[in-house]
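# Close look at the chain arrangement
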Amino acid sequence: MKTLIVYYSMSGNTAYAAERIAARIGADTLRLVPTKEYRNKGLKKFLQGGKSVLLAEKPPLEEYDVDLSRYGHIVFGFPVWAASFAPPLRTFIAAHRGKLRRKQVSAFACQKSSGAEKALKALRKLLRIEAFEVEGVFIEPGRKKAKETDAAIDEFGDALIELGAGNRTGQPLHRRVRAAVRPVSRDKLPTISKDKLPSVSREDVRKYFSNWNYRKHAKFCTALYLSLYAIDMTVSYFICKKMLDKLD
Ligand SMILES: Cc1cc2nc3c(=O)[nH]c(=O)nc-3n(C[C@H](O)[C@H](O)[C@H](O)COP(=O)(O)O)c2cc1C
């Protein structure tokens, strides 16, 4: 089954992941390029991109040559924008909705910190599917080039290869690959045993405050406040004096 990776990438992270997967599994790639590229610098980059997501824009794309009937499997790759997928994918999907209906679909998202889950959900909704065959989340793979992320991208590719085998036996495979945001297993989390915590009962707290020497406490606070006030006034006096001397 031939695979096509359709992706958009503004600053290279998604492109890095897409090309790595393609090289591993022997897939073709199609990079979507808006005719009017988004700003990729400064605050405007986020404002323009965020607005495009919010308005569910379909930015016009530069012409591409693809025969979707040659592919049984489409993998979408995208950067997470405002917890959604980057809008160029919306343009592509709108243009090929009919043909996509008969394909197996997988997807991976590249993000800085969070939002990929929501973005993948939004893409599933747009494609009107329950689940992707294989789903991946990678943390800025091109920029950070961490071994862990590369391994997760390769794992994603291997899951796609496995999916090819699964098809031959007619067994669908749903697998999720997450990189760098891999959850830590519960037994690796530090535990605090209960008996190491100091036991304080309500009665202890009540006793402590009933023995509270309010008069002594008030005297201490007043003395502290007056001392700080005196220090503040003295310092201010010397600063003002110095400034006035200079003016003379
Ligand atoms: C307009 C815009 C919105 C973004 N929103 C998010 C976000 O919600 N969550 C996140 O983790 N990263 C967000 N990012 C960062 C990108 O998802 C991240 O840098 C990604 O790896 C970029 O992929 P690319 O190099 O292929 O464009 C945003 C970036 C842009 C430009």
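Residues numbered from 1 in each chain as written. Predicted model: local features only at pLDDT ≥ 70, side-chain atom pairs only at ≥ 80, totals over all residues. Heavy atoms only, no water.

### Concerning the site of the ligand
Defined as follows: Working definition: residue near molecule or strand if any one of its non-hydrogen atoms lies within 4 Å of it. Any N or O atom pair separated by 3.5 Å or less is treated as a polar contact, with the protein-specific requirement of one donor-capable and one acceptor-capable atom, and with residues adjacent in sequence counted only for side-chain atom pairs. In these tables, accessible area is a Shrake-Rupley quantity obtained with a 1.4 Å probe, and a residue counts as shielded only by the protein chains included in the view. Cavity and pocket criteria rest on a 1 Å grid covering protein atoms alone: a 1.4 Å probe that fits but cannot get out defines a cavity, protein on both sides within 12 Å along at least 5 of 7 lines defines an open pocket, and an atom within 4 Å of a point defines a lining residue. Any molecule with more than half of its atoms within 2 Å of a cavity's or pocket's grid points is regarded as sitting in that cavity or pocket. Strands here mean DSSP runs of E at least two residues long; helices mean DSSP runs of H or I at least four residues long; both are numbered from the N terminus. Lys, Arg, Asp and Glu make up the charged group, whereas Ala, Val, Leu, Ile, Met, Phe, Trp, Tyr, Cys and Pro make up the nonpolar group; the residues left over, Gly among them, are polar.
Taken together, 21 residues lie around the ligand, and Ser9, Ser11, Val80, Ser113 and Glu140 are the ones closest in. In the model, a nitrogen atom of the ligand is placed 2.7 Å from a nitrogen or oxygen of the Ser114 main chain. When the ligand is considered free in solution it has 650 Å² of accessible area, and contact with the protein chains removes 89% of it. According to the grid-proximity analysis, the pocket containing the ligand is the largest pocket. The set of elements that each furnish at least two residues to the shell around the ligand consists of α1 (13-25), α2 (42-54), β3 (73-81) and β5 (104-111). Counting residues per element, the shell around the ligand draws most heavily on α2, which supplies four residues. Per-class residue counts for the shell around the ligand are eight nonpolar, 10 polar and three charged.

### A few points about the confidence of the model for the protein chain
What counts here: Looking at any residue, its pLDDT shows the predictor's confidence there, from 0 to 100. We call two residues in contact whenever any of their non-hydrogen atoms come within 4.5 Å of each other.
On average, residues of the protein chain score 88 in pLDDT, and 87% of them are at 70 or above. Below a pLDDT of 50 lies the segment residues 165-172, which in the model reaches three contacts outside its immediate sequence neighbourhood of four places, other chains included.

### Section: unusual backbone geometry
We apply this condition: A simple rule labels every residue: compare its accessible area, found with a 1.4 Å probe on the protein chains alone, to the largest value its type can have, and call it buried under 20%, exposed over 50%, or partly exposed in between.
If you check the backbone angles, Ala83 has positive phi at about 60 degrees while not being a glycine. Tracing the chain through its elements places Ala83 in the loop between β3 and β4 (84-85). If you check the backbone angles, Arg128 has positive phi at about 55 degrees while not being a glycine. Mapped onto the secondary structure, Arg128 falls in the loop between α4 (116-127) and β6 (134-139). With relative accessibility at 62%, the residue Arg128 sits in the exposed group.

### Examining the packing of aromatic side chains
The cut-off we apply is this: Two aromatic rings from Phe, Tyr or Trp, using only the six-membered ring of Trp, form a pair when their centres are within 6.5 Å; if the ring planes differ by under 30 degrees the pair is stacked, by over 60 it is edge-to-face, and anything between is tilted.
What the rule picks out here adds up to 11 aromatic pairs. On the numbers, 6.4 Å between centres and 70 degrees between planes, the contact of Tyr8 with Tyr38 is edge-to-face. Taken together, the residues Tyr8 in the loop between β1 (3-7) and α1 and Tyr38 in the loop between β2 (28-31) and α2 connect sequence positions 30 residues apart. Aromatic side chains Tyr38 and Trp81 sit 4.8 Å apart centroid to centroid with 90 degrees between the ring planes, which places their arrangement in the edge-to-face category. Taken together, the residues Tyr38 in the loop between β2 and α2 and Trp81 in strand β3 connect sequence positions 43 residues apart. Exposure remark for Tyr38: the relative accessible area of 9% places this residue in the buried category. Grouping aromatic residues by their ring pairs yields a cluster made of Tyr8, Tyr38 and Trp81.

### Quick look at a positive patch on the surface
As a reminder of what qualifies: In this analysis, a patch consists of residues with relative accessible area above 30% that form no salt bridge, clustered at 9 Å for like charges and at 5 Å for the nonpolar side chains Val, Leu, Ile, Met, Phe, Trp and Tyr. A pairing counts as a salt bridge when a side-chain nitrogen of Lys or Arg comes within 4 Å of a carboxyl oxygen of Asp or Glu. Lys and Arg are tallied as positive, Asp and Glu as negative. Neither His nor the chain termini are counted. Positions of charges follow a simple convention, taking NZ of Lys, CZ of Arg, CG of Asp or CD of Glu.
Among the surface-exposed residues, Lys36, Arg39, Lys41, Lys44 and Lys51 lie close enough to one another that they form a single positively charged patch. Secondary-structure assignment places Lys44 in helix α2.

### As for the pairing of β1
Under the convention used in this document: At least two DSSP bridges between two strands are required for those strands to pair.
Among the five residues in β1, five count as buried, and that is most of the element. Residues Thr3, Ile5 and Tyr7 of β1 are buried on one face, and the alternating residues Leu4 and Val6, pointing to the opposite face, are buried as well. Across five bridges, β1 lies against β3 in parallel orientation. Considered in β3, the bridge of Val6 is made with Phe76.

### As for the side chain of Arg124
Tracing the backbone through its elements, the reader meets Arg124 in helix α4. Note on Arg124: relative accessible area 17%, which makes it buried. Those residues within four positions of Arg124 in sequence are excluded, and the remaining contacts are Ile129, Glu130, Ala131, Phe132 and Glu135.

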